[in-house]
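Overview (structure and organization)
Below are the chains, spelled out letter by letter.
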Amino acid sequence: MRTTANYAESVGSEELLTIEDATVVCFSHLRWDFVYQRPQHLLSRLARHHDVLFIEEPVFEDVAEPTMRVGAREGRIRVGVPVLPHGLSESGKILAQRQLVDQQLASLPPAPRILWYYTPMALLFSRHLDADVVVFDNMDQLSAFKGAPPELVALEDEMLARAHVVFTGGHSLYEAKKHRHDNIHAFPSSIDVAHFGRGRAHDRKEPDDQAAIPGPRIGFFGVVDERMDLDLVRELADTRPNWSFVMIGPVVKIDPADLPRRSNIHWLGGRDYKTLPEYIGGWDVGFMPFAMNESTQFISPTKTPEFLAAGVPVVSTPIVDVVRSYGDEKHVVIAKGAAAFVEAAEELMAMERANWLQRVDQKLAESSWDQTFERIYEHVAAAARRSGADHEGAHLRKDTFRV
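A brief look at the structure comes next. (Residues numbered from 1 in each chain as written. Predicted model: local features only at pLDDT ≥ 70, side-chain atom pairs only at ≥ 80, totals over all residues. Heavy atoms only, no water.)

Relative to the helices and strands, Ile184 is located in strand 10 (residues 184-186). As for Ile184 and Thr168, which are separated by 16 residues in sequence, their C-alpha atoms are 7.6 Å apart. (Helix = DSSP H or I, 4+ residues; strand = E, 2+ residues; numbered from the N terminus.)

Below is the structure:
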């Protein structure tokens, strides 16, 4: 058992393993076109070498029979959405999804198969499937989230028993799970430096809906849900009425009526991943007002390095993985309470940034998504090789190209 906290380590050979002609079937609780984050970063890179079928959670419509709505995305990715009739029982929903997935897989040519899970709930309709390797990319502790199904805890136990290799989205989640699997590795969220680095460009175009918002601007982007400390946002806005708080992201699992409404809080809604650097680059300070509760105990926010790559200093509540990875070395300022947030933001706005940016760039060079994907893929291929020693049909080869 080992962790990949030291990213310079190899899996065990200077020559990389690859999985020849494998098809990847991914089961996700996140929709491909919702927010571009960890699944999209990893699977879009995987799709450079493999066909990827990304199965989402079902939607319910006025249809006579269950159907799978399949659409192509960039590269070799197809997204499948189960469309189910209203009124199905819970067992009916499971049976319908199983049949739809079976139909999709039956239409694929014979090939090694990688099952890649983001949610253990998918086991309800996929536990019967054979695979050359089963991957559990445990990016969040889903059972701690608002509205989590009660059976999720037991299904996670089954998922850990079935998986050949497990990845966690942060170090704290790894520490909590490392005794539950003998092939588990920590891979915190990484960064596309070239993409978010556009936020530093002097010729960056200000988005129209942000151009009229006065400065200084304090910005957040990401999903707005039970993980956000709305009372903290409200208090900050009241404490500094001359600051503008720019909030980008979809609101889910909470009532929009509960959002604090102030003239200096600007809820812009979700924005395309491609345009985020233009927004972030127009902020004086980024802030991560996460609540300190069960749902944030193990999170490792993807946005932390994205803020930094855009050249925007950040203040955050004391999320364990943020403190460990960025706070201890002063890449991010950690604050508790509105008064500390305001003081930290004022210091960051007054800071001379040249030396800070130099340290930030050194930090970000350690964890690109390309580097993280390559190391994750090495573990998947090694797990498939070990699995293939006991099962016919695992077609593995050694190769020297770097994925």
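Take the environment of Asp255 next. As for its position among the elements, Asp255 is in the loop between strand 12 (244-248) and strand 13 (265-269). You can call Asp255 partly exposed: its relative accessible area is 42%. Among the polar contacts made by the side chain of Asp255, one reaches the main-chain amide nitrogen of Ala257 at a distance of 2.9 Å. (Buried < 20%, exposed > 50% of the residue type's maximum accessible area, 1.4 Å probe, protein only. Polar contact = N/O pair within 3.5 Å; in protein donor to acceptor, adjacent residues only side chain to side chain.)

Now for the nonpolar core. Formed by 32 residues in total, the largest nonpolar core has its most connected members in Ile19, Leu43, Ile114, Trp116 and Val380. Every element with two or more residues in this core is listed here: strand 2 (23-27), helix 1 (38-46), strand 3 (51-55), strand 6 (77-85), strand 7 (113-117), strand 8 (133-138), strand 9 (165-168) and helix 14 (369-388). Counting residues per element, this core draws most heavily on helix 14, at 8 residues. Core analysis: the second largest hydrophobic core is formed by 30 residues, Leu53, Ala96, Leu123 and Val166 among them. (Core = buried A, V, L, I, M, F, W, Y, C linked by side-chain atoms within 4.5 Å.)

Moving on to the pairing of strand 2. The buried fraction of strand 2 amounts to 5 of the 5 residues, a majority that puts the element mostly inside the structure. Residues of strand 2 alternate between two faces, with Thr23, Val25 and Phe27 on one and Val24 and Cys26 on the opposite face, all of them buried. Across 5 bridges, strand 2 lies against strand 3 in parallel orientation. Residue Phe27 lies in a different strand from strand 3, and its bridge partner there is Ile55. As judged from the 5 bridges shared by strand 2 and strand 7, these two strands associate in the parallel manner. When the sheet's bridge partners are listed, Phe27 is paired in strand 7 with Tyr117. (Pairing = 2+ DSSP bridges.)

Between helix 8 (residues 230-239) and helix 12 (residues 338-350), whose axes approach to 9 Å, the crossing angle comes to 60°. One element, helix 8, and the other, helix 12, form an angle in the oblique class. The crossing of helix 8 and helix 12 is right-handed. For the pair helix 8 and helix 12, the contacting residues are Leu232, Glu235, Leu236 and Thr239 in the first and Ala338, Phe341 and Val342 in the second. For the contact of helix 8 with helix 12, the residue count by class is 5 nonpolar, 1 polar and 1 charged. (Axes fitted to C-alpha atoms, helices over the stretch in contact; angles between N-to-C directions. Parallel < 35°, antiparallel > 145°, perpendicular 65-115°, else oblique. Left-handed = near helix turned anticlockwise from the far one by under 90°. Contact = heavy atoms within 4.5 Å. Nonpolar A, V, L, I, M, F, W, Y, C, P; charged D, E, K, R; others polar.)

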